[in-house]
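Residue-level structural notes
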Amino acid sequence: MKLHKSLSISLLSALLLSSCAPKVSEGYDSERGHVGNISISGAFALYPLAVLWSEDFKKENPDVRFNISAGGAGKGIADVLTNMVDIGLVSRDLHAQEIEKGAYPVLVANDAVIGTINTEHPNYQLIKERGLTQEELKRIFLGEHYKLWSDIDPRFVAEPLQVYVRSDAAGAAETWAKFFKASQEDLKGIGIFGDPGLAQAIKDNKLAIGFNNINYVYDLKSKKTSAQIAALPIDLNKNGKIDQDENFYDNIDELTSAVAQQKYPSPPARELMFVVRNDQQTKLLKAFIEFVLQEKQQAYLLENGYVPLEKDIIAQQLQKLSIGDKQISKR
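Worth saying up front: this structure is predicted, and the values here are computed from it rather than measured.

Cut-offs used in this document
Residues numbered from 1 in each chain as written. Predicted model: local features only at pLDDT ≥ 70, side-chain atom pairs only at ≥ 80, totals over all residues. Heavy atoms only, no water. Helix = DSSP H or I, 4+ residues; strand = E, 2+ residues; numbered from the N terminus. Contact = heavy atoms within 4.5 Å. Areas by Shrake-Rupley, 256 points an atom, 1.4 Å probe, with all protein chains shown as cover. Buried < 20%, exposed > 50% of the residue type's maximum accessible area, 1.4 Å probe, protein only. Core = buried A, V, L, I, M, F, W, Y, C linked by side-chain atoms within 4.5 Å. pLDDT = per-residue confidence, 0-100. Salt bridge = Lys/Arg side-chain N within 4 Å of Asp/Glu carboxyl O. Polar contact = N/O pair within 3.5 Å; in protein donor to acceptor, adjacent residues only side chain to side chain.

1. Quick notes on the overall build of the chain
- A count of helical and extended segments in the chain gives 13 helices and 11 strands.
- Pairs at least 24 apart in sequence give 74% of the contacts found in the chain among residues at least 6 apart.
- Split by element, the accessible area of the chain, about 15,700 Å² in all, is 50% carbon and sulfur.

This is how it looks when you write it as structure tokens:
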């Protein structure tokens, strides 16, 4: 039945194109408005937002169809550069060679990668009060020195550190590694595919430590962390305790506010972007990206655990769309 319908639509399209009816140009029809398909793949961090934005866009443009999948930032950038999709969801900085191949980035949101532990860890309360420094986290995730929890602090249990990292090419992993001036390939631990998988691995092991995007740690309804997983506080001033101005992990609103106010370090705070090919931009793609940058769509961000773009940044992104492929910029 679906095949018959598809063939019927194709025949109808051919008839329309051969008649004197208005023609579709770059995803726009003078009578029906925006029409066509938009395919999207990439970062788990941006996937929930892409779905939300697509649903709202379809309400205003019912002749547009979306195909959206999550598979990591690496897949998103690879897919868009090989013309497998129209938009790549990317949660890391672009590499020079990717820009040279035609990657055209547009910022759409901000968020952060956070360290994670199991709430049933024997020293959970002490870890919350003490936190871990950047240097301690570096030694954990780059496989240097620490083998037992007690190697970090003799007050911690003398049990092996169970370190989990991402097995897929991921913006979260690259951003977390960048916090240590390293790359994803330098991270040591048990590789887990995807944000959901990594979060579940932390929940399943009381001695685990890992990292996740905000939305895979906090429950959006309660605003609190999900069961059996918690954000790992960073001791930014290295004084052996989490001071009041470092304590912003209790709920998602406090954490996103800390990201917006730059109290949480960057990296692992980061920019999230749509990436298109600079030679494949159409009226439909530009219309969708402009839609995402509208005030109403940006307003969804805070309630869903993201940080909206500042107005001047939005203006810069809209300017980039207006100049098309005449200028490629990372900002």
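That was the structure; now back to the text.
2. Things to note about helix 3 (residues 73–81)
- Within helix 3, seven of the nine residues are buried, which leaves it mostly tucked inside the rest of the structure.
- Every buried residue belonging to helix 3 is among Ala73, Gly74, Gly76, Ile77, Asp79, Val80 and Leu81, and all of these are buried.
- Looking at the buried side of helix 3, the elements it contacts are strand 3 (36–42), strand 5 (87–90), helix 4 (96–100), strand 6 (103–117), helix 8 (171–178) and strand 11 (269–277).
- Positive phi shows up at Asn83, right after helix 3, with a value of about 60°.

3. Some details on the nonpolar core
- Of all hydrophobic cores here, the largest spans 57 residues; its most connected members are Leu137, Phe141, Ile209, Phe211 and Tyr264.
- In this structure Phe141 touches Val163, Tyr164, Val165, Trp176, Phe180, Asp186, Leu187, Lys188, Ile209, Gly210 and Phe211, once residues within four positions along its chain are discounted.

4. Things to note about unusual backbone geometry
- For the bond running from Ser266 to Pro267, omega is -15°, close enough to zero to count as cis.
- For the bond from Pro267 to Pro268, the omega torsion is 15°, close enough to zero to count as cis.
- Within the secondary structure layout, Pro268 lies in the loop between helix 10 (252–260) and strand 11.
- For Asn83, which is not glycine, the phi dihedral falls at a positive 60°.

5. Section: the confidence of the model for the chain
- Scored by pLDDT, the chain has a mean of 88; 89% of the residues are at 70 or more.
- Per-residue pLDDT stays below 50 along residues 325–331; that stretch engages in 20 contacts with residues further than four places along the chain or on separate chains.

6. A few points about the pattern of salt bridges
- Within this structure, the stated rule accounts for 14 salt bridges.
- Ionic pairing is found between Arg270 and Asp111, a salt bridge with its closest N-O pair at 2.8 Å. On the criterion of sequence distance, the pair formed by Arg270 in strand 11 and Asp111 in strand 6 is long-range, its members being 159 residues apart.
- Classification of Asp111 by relative accessible area gives buried; the value is 2%.
- What you see here is one network of salt bridges that share partners, running through Arg130, Glu136, Asp153 and Arg155.

7. Thoughts on the environment of Lys320
- Among the structural elements, Lys320 can be located in helix 13 (residues 311–323).
- Lys320 gets classed as buried once you look at its relative accessible area, which sits at 5%.
- Along the sequence, Lys320 and Tyr104 sit 216 residues apart, while their C-alpha atoms lie 9.3 Å from each other.
- Looking at Lys320, its side chain comes within polar contact range of the main-chain oxygen of Pro105, at 2.3 Å.

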